[in-house]
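# Descriptive analysis of the structure
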Amino acid sequence: MNLLFILCEGPHDAQFIGRLLDASNQYEAYKQKISDYPPPLNQFLSNKFKNHDIDTIVIGRPKHPMIPVLAYRKAQDDILILPYPIGGIDKSAEGIGLLEEFSEILSPETLSVIDSDIEKYAVLFVFDADSRGINGTLAKFSDDYRPVLGEMEELAGETWFASNGISFSVFIFTGKDGDTGTLEDNLINLFQQKNKALVENAITMLDVHSDHETDTIEKMAKRYKSALTVCGQTEKKNAGSALTVIIRDTKLLDNAIDIDDDASQWGRMLRLIDSAFDG
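Now for a look at the structure at hand.

Basis of the calculations
Residues numbered from 1 in each chain as written. Predicted model: local features only at pLDDT ≥ 70, side-chain atom pairs only at ≥ 80, totals over all residues. Heavy atoms only, no water. Phe/Tyr/Trp six-rings, centres within 6.5 Å; stacked < 30°, edge-to-face > 60°. Helix = DSSP H or I, 4+ residues; strand = E, 2+ residues; numbered from the N terminus. Buried < 20%, exposed > 50% of the residue type's maximum accessible area, 1.4 Å probe, protein only. Axes fitted to C-alpha atoms, helices over the stretch in contact; angles between N-to-C directions. Parallel < 35°, antiparallel > 145°, perpendicular 65-115°, else oblique. Left-handed = near helix turned anticlockwise from the far one by under 90°. Contact = heavy atoms within 4.5 Å. Nonpolar A, V, L, I, M, F, W, Y, C, P; charged D, E, K, R; others polar.

Time to look at the packing of aromatic side chains. The tally for this structure, following the rule as stated, stands at 16 aromatic pairs. Note on Phe-102 and Tyr-121: the rings are 6.2 Å apart at their centroids and 70° apart in plane angle, and the pair reads as edge-to-face. Of this pair, Phe-102 sits in helix 3 (residues 92-105) while Tyr-121 sits in strand 5 (residues 120-128), and the two are 19 residues apart along the sequence. By relative accessible area, Tyr-121 is classed as buried at 10%. Residues Phe-141 and Tyr-145 carry aromatic rings whose centres are separated by 4.6 Å and whose planes lie at 25° to one another, so their mutual orientation is stacked. Linking Phe-141 with Tyr-145, this pair stays in helix 5 (residues 133-149), spanning 4 residues, or about one helical turn. Since its relative accessible area comes to 0%, Phe-141 is described here as buried. Owing to a relative accessible area of 0%, Tyr-145 belongs among the buried residues under this scheme.

So this is what it looks like as structure tokens:
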């Protein structure tokens, strides 16, 4: 088995990746208990719970251990996909910490000693371009992750690299201009393709009643999150649900993701995921 860890900004990204994998009809939700995961991954995940400092938990505001929020498996190639929300590109300390843990528990030496079913692993980073743009985001990633990945002078998006024993790639969501933007730019477009009037009415309502400013790409993403959440409330099943649940369950995304369109961001992301262990 090969493991692909996807370190993404937040739970919305993770759920969208789940919808993408569902739409591909190549991946299925992996519903095994943690104890049934291949070693040493099972023990690694179990220890995240066992070693969680419960004395620091505030009632009503629980802080969960950093573990994957989804698990998908491609049976044909025996690949396990594990998306991790790490909190954004500014949370490089969390990302570096995970890379160091992966390198330790999944080293070829360790896997050989314990005779694990796991052969190798790779890491895909998923970020928003925001107002930085693609080059600015890649530059920030290079600076932040240099301590563990080393120099990345030839770094480019959507290409697999190997550095310091770690196979990794970076995928960056952009908006209409193809350089700046966010996941939410893409989600709002997908929702509009299914029900343009609904999305426009949600945005109009928010224009009147919301106190969100929209003068930057980052602020506009928050307005879009509100609009997407409002649209999701129109479905009985999702009434009262958070955006993470809406992205996972809404009918507005049913058959909306054209995975065969290699020019689309979701088509390119799926190709990148599929190629993680090529060569």
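Looking now at the packing of helix 3 against helix 5. Packed helices, taken two at a time, are described by the angle between their axes plus the distance between the axes. The interhelical angle for the contact between helix 3 and helix 5, taken along N-to-C directions, is 25°, at an axis separation of 10 Å. The angle between the axes of helix 3 and helix 5 places the two elements in the roughly parallel class. Along this stretch, helix 3 crosses helix 5, giving a crossing that reads as right-handed. Mapping the contact onto sequence places Ser-92, Gly-95, Ile-96, Leu-99 and Glu-100 in helix 3 and Asp-144, Tyr-145, Val-148 and Leu-149 in helix 5. Here the contact of helix 3 with helix 5 is composed, by residue class, of 5 nonpolar, 2 polar and 2 charged.

Keep in mind that these numbers describe shape and distance, not what the molecule does.
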